[in-house]
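Next come the chains, spelled out residue by residue.
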Amino acid sequence: MHGRPRKAPKPEDEAASSAKAQKLRALQTQFFSFHHNKIYTKEAVELSAKLLEINPESYTAWNYRKLAVEHYLNLPDCNPDSIKSVLDDELRVVENALRQNFKSYGAWHHRKWVLSKGHSSIDNELRLLDKFQKADSRNFHAWNYRRFVAESMKRSEQDELKYTEDMIYANFSNYSAWHNRSVLLSALFDKKAEGFLLKEKVLPEEYEFIHQAIFTDPDDQSGWFYHLWLLDQTVTTDSPLLASSWPGHGSDVLLVGDRCYNGSAFSPFSALHSDSGSFPIVLYFNQPVRGVNSSTVTVECGFNKNEDLLWKPLSASNSQTARVWVAHLKVPSSDLHSTVEVSVGHTKGIISTRGFEYSHPSMLSFKVHVQPMERDSSQVSVAESISLREENFKVYGKQSEESIIDSFDQLIIKNGHETTASNWRFEALAKEIECFRELLSLVDCKIGKLTLARLLKAYDAMSYPFANKLVHSEEVLELYSDLMKLDRTHYQFYKDERSIVLLQKVTSSKGSLLQHCFQYKDSVSSAICGPICLRLNNLSLSRMGAFEKLLWVQMLDLSHNELQSIEGLKAMQLLSCLSLRNNKLRSLTALEPLRKLKLLRILDISYNQIGDHSIDTTRYVCSSPLSHSVGSELNRDETVTSDVALINNWEAFYIFKDFNLNQLDIVGNTIADEKFKSVLVKIMPKLKQLDGKLLD
């Protein structure tokens, strides 16, 4: 363990180990007898102490001693002196146990329990901790206990901060000291303590402090983790912000039966077909928030009441906290021309996961036009018989290009109040970028390249959309490409990060976005057309991102990439047509984000790896297997036991049962045999076309 080579035990070592085990078994037998019979005599308690000296990890023995202490404290003749004597004995037993194993969870927990009784002096605890931290300065048990002691002594965070500084100067490789420093500074920032009210005064000094460690030994990882924490403190704003929305501010939304209209007055970004009598309003925040409801977000229009709107979080689990919130606004079926005003955060209640209020209210305004149209069977609907092959697309004409470009700015919400407040952040990042470029000119350091890539990404993210472009995207892409070659162990991580940067670059400007926007060739005329198809195929993407800039997309081509996950895709509430053909999706549960896309009608997941692996690990790529939403909303009244095929394909049932697909392609996956296809037809009775064949 921890780099120590294994050695074959010597005969005398085996004999000693056997004798120790025999003694331990005898002690345990006698101890359990005392414990079960609730015997708390002096001899019984001393025997538990002997057991703990041999095995400090015996939780039962620690619990027995707690019961024994409570027994003595409740005796009629118990007085303050005897109480102190009993508790001091406990502290001595703990200290002896820690000498055997100073990483014993049970021993440290028992010591906290004793001190919490309030009858023992706490003054000796810091001296004891000094001994243990000299034996192992990175012992996180001791550091956790120190935080407990410091709080009990009402020792200030400033004093503890000075202690971490002393420990770091003694050994800058002390990861625990760096971690404790981040904990203390976070507390001081939250309290807005004197001298720590403004991060712009504290963080530059911390950057200088960490540079001493990093430049002394670039290969030591302790300082790099602290630098990553500093970077997060620099770029993360306390108050959450609204990053984007759909419909965009100032846009025109036209709903026409089951097709979209794109006349000269309407942008393809906001033209939408809908046969459900409603359309989504999507709010995308820069960090997860809770409290989005009809009280904190008001919608004023002439055809619907604000209180009728139900705002739902689009989260990976069933949490009520999410970056993306959606509500569906019902519209009448008759001719309608109305203005909709959305007010976000003008009343308190929207709160980030870090506990900060949404303090920058936003107002969005857009126009809604409803125009009933009878369906012409001679025309091609965007909801059926769509093939996202190369020959079926054409570039937009000049007039359409201008319409797209004019609408681009409506997709992004510019939070002007952040410009001045972030000047110190720009300066700090610029200085760090210069510093690490200098470091990399002196030494070839993998973690230095990774940190420089993160700094450049952060700088671009803060400057956009004010700069209207990502200045450092090419340099960041090159850094991640280098890291993929230099560090094969973490290849997939670098690949994922590079994919996100590439998507941010594609969506960062009007020109780059236009290169990936195509028109489906079967559009009937220049006046009536399908929505824009955003083609992000053949880009070697392994992970999706930049969703805040993709809320408008209705047709999306992600074919011929390397996607193993599509997490986050649920934010794209307008998606009606999606191609994931020729990717690396390994399971049905990887498709779980698509369950939230109520407008999705056409899906191509052909030629993936679904069914190749007998064990589905996708469900565990989250905080906890229990938080995965597939099947978690099981309705006990819903019976599928009558159909054996559905029982044997329960994952397919819970993934596809809420879909309203007209067209599905699944050919080329191991799971896609005729038996499975028949199951899909049962699950989705509205399905009209499967693998290019019309269904009866």
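Here the residue index of a chain counts from 1 through its sequence in written order. Per-residue local features are limited, in this predicted model, to residues with pLDDT of at least 70; the limit for side-chain atom pairs, both in listing and counting, is 80 or more; totals at the level of whole chains, interfaces and linings are taken over all residues. To get the side-chain values, all heavy atoms of the structure are used, and hydrogens and water are removed first.

Some words on the overall build of the chain
The test is simple: We count a stretch as a helix when DSSP gives it H or I for four or more residues in a row; a strand needs E for two or more, and each element gets its number in order from the N terminus. Relative accessibility under 20% of the residue-type maximum defines a buried residue, over 50% an exposed one, and the middle range a partly exposed one, all with a 1.4 Å probe and only protein chains included. Any two residues whose heavy atoms approach within 4.5 Å at even a single point are treated as in contact. The protein chains shown are the only cover counted for residues, whose accessible areas, like all others here, come from Shrake-Rupley with a 1.4 Å probe.
Helices and strands together make up the secondary structure of the chain, namely 21 helices and 19 strands. The buried share among the 696 residues of the chain stands at 51%. In the chain, of all internal contacts separated by at least 6 residues, the share reaching a separation of at least 24 is 68%. Split by element, the accessible area of the chain, about 34,100 Å² in all, is 50% carbon and sulfur.

A word on the nonpolar core
Operational definition: We call a set of buried residues a nonpolar core when its members are Ala, Val, Leu, Ile, Met, Phe, Trp, Tyr or Cys and they connect through side-chain atoms within 4.5 Å of each other. What marks off one domain from the next here is an automatic or database domain assignment.
Within the largest apolar cluster, 139 residues are counted, with the highest numbers of intra-cluster contacts made by Leu594 and Phe656. Both domain 1 (247–372) and domain 2 (516–625 + 641–695) contribute no fewer than three residues apiece to this core. Setting aside chain neighbours within four positions, we find Leu594 in contact with Ile566, Leu569, Leu578, Leu580, Leu600, Leu603 and Phe659. Membership of the second largest hydrophobic core comes to 37 residues, among which are Leu51, Trp62, Trp113 and Leu128.

A look at a nonpolar patch on the surface
Condition: Like charges are joined within 9 Å and nonpolar side chains (Val, Leu, Ile, Met, Phe, Trp, Tyr) within 5 Å, but only among residues with over 30% relative accessible area and no salt bridge; these make up the patches. Salt bridge, as applied in this entry: a Lys or Arg side-chain nitrogen positioned within 4 Å of an Asp or Glu carboxyl oxygen.
Residues Tyr59, Tyr105 and Phe140 make up a contiguous nonpolar surface patch of roughly 350 Å² in combined accessible area. Inspection of the secondary structure puts Tyr59 in helix H3 (residues 59–73).

Section: the packing of helix H10 (residues 199–216) against helix H14 (residues 423–442)
Heads up, the condition is: In this analysis, axes come from line fits to C-alpha atoms, helices being fitted only over the stretch in contact, and the angle between any two N-to-C directions falls in the range 0 to 180 degrees. With respect to orientation, any angle under 35 degrees is reported as roughly parallel, any angle over 145 as roughly antiparallel, any angle of 65 to 115 as roughly perpendicular, and every other angle as oblique.
The geometry of H10 relative to H14 is characterised by a closest axis approach of 10 Å and an angle of 10° between their N-to-C directions. On the basis of their axis angle, the class for H10 and H14 is roughly parallel. Between H10 and H14, the residues in contact are Lys199, Glu200, Leu203, Tyr207, Glu208, His211, Ile214 and Phe215 and Trp424, Ala428, Lys431, Glu432, Cys435, Phe436 and Leu439, respectively.

Purely spatial values, then, with no claim about function.
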